[in-house]
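As a plain string of letters, each chain reads:
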Amino acid sequence: MTGDVIVRDAGEADLPAILEIYNAAVLNETSIWNDDISDLAECRAWWETRTASGFPVYLADVEGVVCGYGTFGEFRPYQGYRFTVEHSIYVSNAVQRRGIGSVLLTRLIAEARRTNKHAMIGGIASDNLASLALHQRFGFVETGRMPQVGFKFGRWLDLVFVQKLLT
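So, here is what we can say about the structure in this document. (Residues numbered from 1 in each chain as written. Predicted model: local features only at pLDDT ≥ 70, side-chain atom pairs only at ≥ 80, totals over all residues. Heavy atoms only, no water.)

1. A few points about the overall build of the chain
Looking only at helices and strands, the chain has four helices and seven strands in total. When the helices and strands of the chain are read in sequence order from the N terminus, they spell out β-α-α-β-β-β-α-β-α-β-β. Relative to a compact globule of 167 residues, whose C-alpha radius of gyration would be 15 Å, the chain shows 15 Å and is just as compact. Each principal axis of the C-alpha distribution contributes one length, and for the chain these read about 40 × 40 × 30 Å. Entry remark: accessible area of the chain is about 9,200 Å², with carbon and sulfur atoms responsible for 51%. Here the chain contributes 16 positive and 19 negative side-chain charges, whose respective centroids are spaced 9 Å apart. (Helix = DSSP H or I, 4+ residues; strand = E, 2+ residues; numbered from the N terminus. Rg over C-alpha atoms; globule rule 2.2 N^0.38 Å. Areas by Shrake-Rupley, 256 points an atom, 1.4 Å probe, with all protein chains shown as cover. Lys, Arg positive; Asp, Glu negative; His and termini not counted. Charge placed at Lys NZ, Arg CZ, Asp CG, Glu CD.)

Written as C-alpha coordinates, this is what we have:
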(Lines give C-alpha, C1' and ligand atoms only; values in the text may rest on other atoms or scores of the structure.)
Protein backbone atom coordinates (compact mmCIF):
# COMPACT_ATOMS: atom_id res chain seq x y z
CA MET A 1 0.00 0.00 0.00
CA THR A 2 1.59 3.20 -1.14
CA GLY A 3 -1.32 5.67 -1.29
CA ASP A 4 -2.35 8.36 1.14
CA VAL A 5 -4.07 7.41 4.36
CA ILE A 6 -7.62 8.70 4.56
CA VAL A 7 -9.24 8.75 7.99
CA ARG A 8 -13.01 8.49 7.88
CA ASP A 9 -15.94 7.49 10.03
CA ALA A 10 -16.65 3.77 10.10
CA GLY A 11 -19.96 2.67 8.64
CA GLU A 12 -21.83 -0.58 8.92
CA ALA A 13 -20.30 -1.81 5.66
CA ASP A 14 -16.84 -1.49 7.27
CA LEU A 15 -17.58 -3.85 10.14
CA PRO A 16 -16.15 -6.98 8.44
CA ALA A 17 -12.82 -5.18 7.96
CA ILE A 18 -12.81 -3.99 11.58
CA LEU A 19 -13.64 -7.50 12.71
CA GLU A 20 -10.78 -8.96 10.67
CA ILE A 21 -8.26 -6.57 12.26
CA TYR A 22 -9.69 -7.15 15.74
CA ASN A 23 -9.67 -10.95 15.45
CA ALA A 24 -6.11 -10.98 14.09
CA ALA A 25 -5.04 -9.03 17.18
CA VAL A 26 -6.91 -11.43 19.47
CA LEU A 27 -5.21 -14.42 17.88
CA ASN A 28 -1.69 -13.03 17.47
CA GLU A 29 -0.99 -10.08 19.76
CA THR A 30 -1.17 -8.90 23.34
CA SER A 31 -2.88 -5.66 22.34
CA ILE A 32 -6.29 -7.20 23.07
CA TRP A 33 -6.58 -9.28 26.21
CA ASN A 34 -9.29 -11.60 24.97
CA ASP A 35 -8.73 -15.24 24.08
CA ASP A 36 -11.85 -15.68 21.96
CA ILE A 37 -12.43 -14.07 18.59
CA SER A 38 -15.55 -12.01 17.97
CA ASP A 39 -18.26 -12.36 15.35
CA LEU A 40 -20.02 -9.85 13.14
CA ALA A 41 -23.05 -9.54 15.45
CA GLU A 42 -20.80 -8.63 18.41
CA CYS A 43 -18.84 -6.18 16.28
CA ARG A 44 -22.08 -4.54 15.09
CA ALA A 45 -23.38 -4.25 18.66
CA TRP A 46 -20.09 -2.67 19.77
CA TRP A 47 -20.12 -0.18 16.87
CA GLU A 48 -23.79 0.71 17.40
CA THR A 49 -23.27 1.29 21.12
CA ARG A 50 -20.13 3.33 20.56
CA THR A 51 -21.63 5.59 17.89
CA ALA A 52 -25.01 5.93 19.66
CA SER A 53 -23.08 7.21 22.68
CA GLY A 54 -21.50 9.91 20.51
CA PHE A 55 -18.03 8.36 20.42
CA PRO A 56 -16.02 8.12 17.21
CA VAL A 57 -14.98 5.02 15.34
CA TYR A 58 -12.47 6.04 12.68
CA LEU A 59 -10.96 3.97 9.91
CA ALA A 60 -7.63 4.33 8.20
CA ASP A 61 -8.30 3.71 4.51
CA VAL A 62 -5.53 3.36 1.95
CA GLU A 63 -6.70 3.06 -1.63
CA GLY A 64 -10.05 1.64 -0.52
CA VAL A 65 -8.55 -0.90 1.89
CA VAL A 66 -9.29 -0.58 5.61
CA CYS A 67 -5.94 -1.01 7.32
CA GLY A 68 -6.66 0.19 10.84
CA TYR A 69 -9.19 1.71 13.17
CA GLY A 70 -9.26 3.87 16.25
CA THR A 71 -11.87 4.87 18.77
CA PHE A 72 -12.39 6.30 22.20
CA GLY A 73 -15.06 5.96 24.83
CA GLU A 74 -15.71 6.71 28.45
CA PHE A 75 -12.86 5.93 30.81
CA ARG A 76 -15.10 4.93 33.71
CA PRO A 77 -18.90 5.10 34.02
CA TYR A 78 -19.06 7.80 36.69
CA GLN A 79 -19.90 11.48 36.17
CA GLY A 80 -16.60 12.68 37.59
CA TYR A 81 -14.79 11.03 34.66
CA ARG A 82 -16.92 12.67 31.94
CA PHE A 83 -13.99 14.72 30.62
CA THR A 84 -11.66 11.70 30.35
CA VAL A 85 -11.68 9.16 27.53
CA GLU A 86 -9.85 5.90 26.93
CA HIS A 87 -8.75 5.22 23.39
CA SER A 88 -7.76 2.21 21.30
CA ILE A 89 -5.93 1.93 18.00
CA TYR A 90 -5.46 -1.24 15.99
CA VAL A 91 -3.55 -1.52 12.72
CA SER A 92 -3.44 -4.48 10.36
CA ASN A 93 -0.22 -6.48 10.69
CA ALA A 94 0.44 -6.03 6.98
CA VAL A 95 0.88 -2.26 7.33
CA GLN A 96 2.25 -1.76 10.83
CA ARG A 97 5.06 0.77 11.31
CA ARG A 98 4.01 2.80 8.27
CA GLY A 99 2.51 5.75 10.13
CA ILE A 100 -1.09 4.59 10.20
CA GLY A 101 -1.23 4.54 14.00
CA SER A 102 0.07 8.12 14.02
CA VAL A 103 -2.61 9.27 11.60
CA LEU A 104 -5.35 7.64 13.68
CA LEU A 105 -3.99 8.97 16.98
CA THR A 106 -3.78 12.49 15.53
CA ARG A 107 -7.46 12.31 14.56
CA LEU A 108 -8.53 10.88 17.93
CA ILE A 109 -6.70 13.61 19.84
CA ALA A 110 -8.27 16.30 17.64
CA GLU A 111 -11.76 14.84 18.17
CA ALA A 112 -11.26 14.56 21.92
CA ARG A 113 -10.22 18.22 22.03
CA ARG A 114 -13.14 19.22 19.79
CA THR A 115 -15.56 17.53 22.19
CA ASN A 116 -14.00 19.26 25.22
CA LYS A 117 -12.28 16.26 26.74
CA HIS A 118 -9.54 17.06 29.22
CA ALA A 119 -7.58 13.82 29.39
CA MET A 120 -6.97 10.84 27.14
CA ILE A 121 -5.92 7.48 28.59
CA GLY A 122 -4.45 4.41 26.94
CA GLY A 123 -3.94 0.96 28.44
CA ILE A 124 -1.03 -0.83 26.74
CA ALA A 125 0.64 -4.18 27.35
CA SER A 126 4.18 -3.52 28.56
CA ASP A 127 5.60 -5.72 25.79
CA ASN A 128 4.00 -3.54 23.08
CA LEU A 129 7.05 -1.34 22.63
CA ALA A 130 5.85 0.12 19.31
CA SER A 131 2.61 1.39 20.87
CA LEU A 132 4.42 2.77 23.91
CA ALA A 133 6.86 4.62 21.62
CA LEU A 134 4.02 5.97 19.46
CA HIS A 135 2.26 7.38 22.49
CA GLN A 136 5.46 8.87 23.87
CA ARG A 137 6.01 10.70 20.55
CA PHE A 138 2.55 12.23 20.94
CA GLY A 139 3.24 13.50 24.45
CA PHE A 140 1.59 10.74 26.46
CA VAL A 141 3.30 9.97 29.76
CA GLU A 142 3.26 6.78 31.75
CA THR A 143 1.03 7.27 34.78
CA GLY A 144 0.79 3.72 36.08
CA ARG A 145 2.09 0.21 35.70
CA MET A 146 0.21 -2.80 36.99
CA PRO A 147 2.30 -5.99 37.04
CA GLN A 148 0.74 -9.29 36.03
CA VAL A 149 -2.91 -8.17 35.81
CA GLY A 150 -3.51 -9.92 32.49
CA PHE A 151 -2.90 -13.42 31.19
CA LYS A 152 -2.57 -14.46 27.57
CA PHE A 153 -0.55 -16.94 25.53
CA GLY A 154 0.41 -18.80 28.72
CA ARG A 155 2.09 -15.84 30.40
CA TRP A 156 1.32 -12.95 32.70
CA LEU A 157 1.05 -9.47 31.18
CA ASP A 158 1.78 -6.09 32.72
CA LEU A 159 -0.54 -3.18 31.96
CA VAL A 160 0.88 0.29 31.39
CA PHE A 161 -1.40 3.30 31.59
CA VAL A 162 -0.42 6.34 29.53
CA GLN A 163 -2.12 9.72 29.66
CA LYS A 164 -2.18 12.98 27.75
CA LEU A 165 -3.77 16.15 29.07
CA LEU A 166 -5.60 17.88 26.23
CA THR A 167 -6.53 21.24 27.74
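2. Structural notes on the side chain of lysine 117
For lysine 117, the position within the fold is in the loop between helix H3 (100-114) and strand S5 (119-125). Lacking a salt bridge, the buried lysine 117 has glutamate 74 as its closest oppositely charged neighbour, with an N-O distance of 8.6 Å. A polar side-chain atom of lysine 117 sits 3.1 Å from the main-chain carbonyl oxygen of arginine 82. Once residues lying within four places of it in the same chain are set aside, the contact partners of lysine 117 are Arg82, Phe83, Val85, Ala112, Leu166 and Thr167. (Buried < 20%, exposed > 50% of the residue type's maximum accessible area, 1.4 Å probe, protein only. Salt bridge = Lys/Arg side-chain N within 4 Å of Asp/Glu carboxyl O. Polar contact = N/O pair within 3.5 Å; in protein donor to acceptor, adjacent residues only side chain to side chain. Contact = heavy atoms within 4.5 Å.)

3. Here we look at helix H1 (residues 15-28)
With 14 residues, H1 should reach 20 Å at 1.5 Å per residue; the first-to-last C-alpha distance of 20 Å fits that figure. Within the sequence span of H1, burial applies to Leu15, Ile18, Leu19, Ile21, Tyr22, Asn23, Ala25 and Val26. In this structure, the buried residues of H1 make contact with helix H2 (40-52), strand S2 (57-62), strand S3 (65-74), strand S4 (84-91) and strand S6 (141-152). (Expected span 1.5 Å × (residues − 1).)

4. Focus on the sheet that holds S6
The strand order across the open sheet formed by seven strands is S1-S2-S3-S4-S5-S7-S6, and the pairing between neighbours is mixed. One side of each edge strand has no neighbouring strand; the edge strands of this open sheet are strand S1 (5-9) and S6. Taken over all neighbouring pairs, the strand axes of this sheet differ in orientation by 25 degrees on average, direction set aside. By the bridge criterion, five bridges tie S1 to S2 in an arrangement that is antiparallel. (Pairing = 2+ DSSP bridges. Axes fitted to C-alpha atoms, helices over the stretch in contact; angles between N-to-C directions.)

5. Focus on a negative patch on the surface
A cluster of like negative charges, contributed by Asp35, Asp36, Asp39 and Glu42, occupies part of the molecular surface. Position of aspartate 35 relative to the elements: it lies in the loop between H1 and H2. (Patch = residues over 30% accessible without salt bridge, like charges linked within 9 Å, V, L, I, M, F, W, Y side chains within 5 Å.)

6. Quick look at the nonpolar core
Membership of the largest hydrophobic core comes to 25 residues, with the highest contact counts inside it found for Phe72, Ile100, Leu104 and Met120. Going through the elements one at a time, S2, S3, S4, H3, S5, helix H4 (129-137) and strand S7 (155-165) are the ones with two or more residues in this core. In terms of residues, this core owes the most to one element, H3, which gives six residues. If sequence neighbours within four positions are ignored, isoleucine 100 has contacts with Val5, Ala60, Val62, Cys67, Val91 and Val95. (Core = buried A, V, L, I, M, F, W, Y, C linked by side-chain atoms within 4.5 Å.)

7. Description of unusual backbone geometry
For glutamine 148, which is not glycine, the phi torsion reads 50 degrees and is therefore positive. Relative to the assigned elements, glutamine 148 resides in strand S6. At phenylalanine 153, a residue that is not glycine, the phi angle is positive and equals roughly 55 degrees. Given a relative accessible area of 43%, phenylalanine 153 falls into the partly exposed group.

8. Section: the pairing of S4
Each regular strand carries side chains that alternate between the two faces of the sheet. Extensive coverage of S4 is indicated by the burial of six of its eight residues. One ladder, built from seven bridges, connects S3 with S4; its direction is antiparallel. Note that in S4 the partner of tyrosine 69 across the bridge is tyrosine 90. When S4 meets S5, the two strands line up parallel, connected through three bridges. Considered in S5, the bridge of threonine 84 is made with alanine 119.

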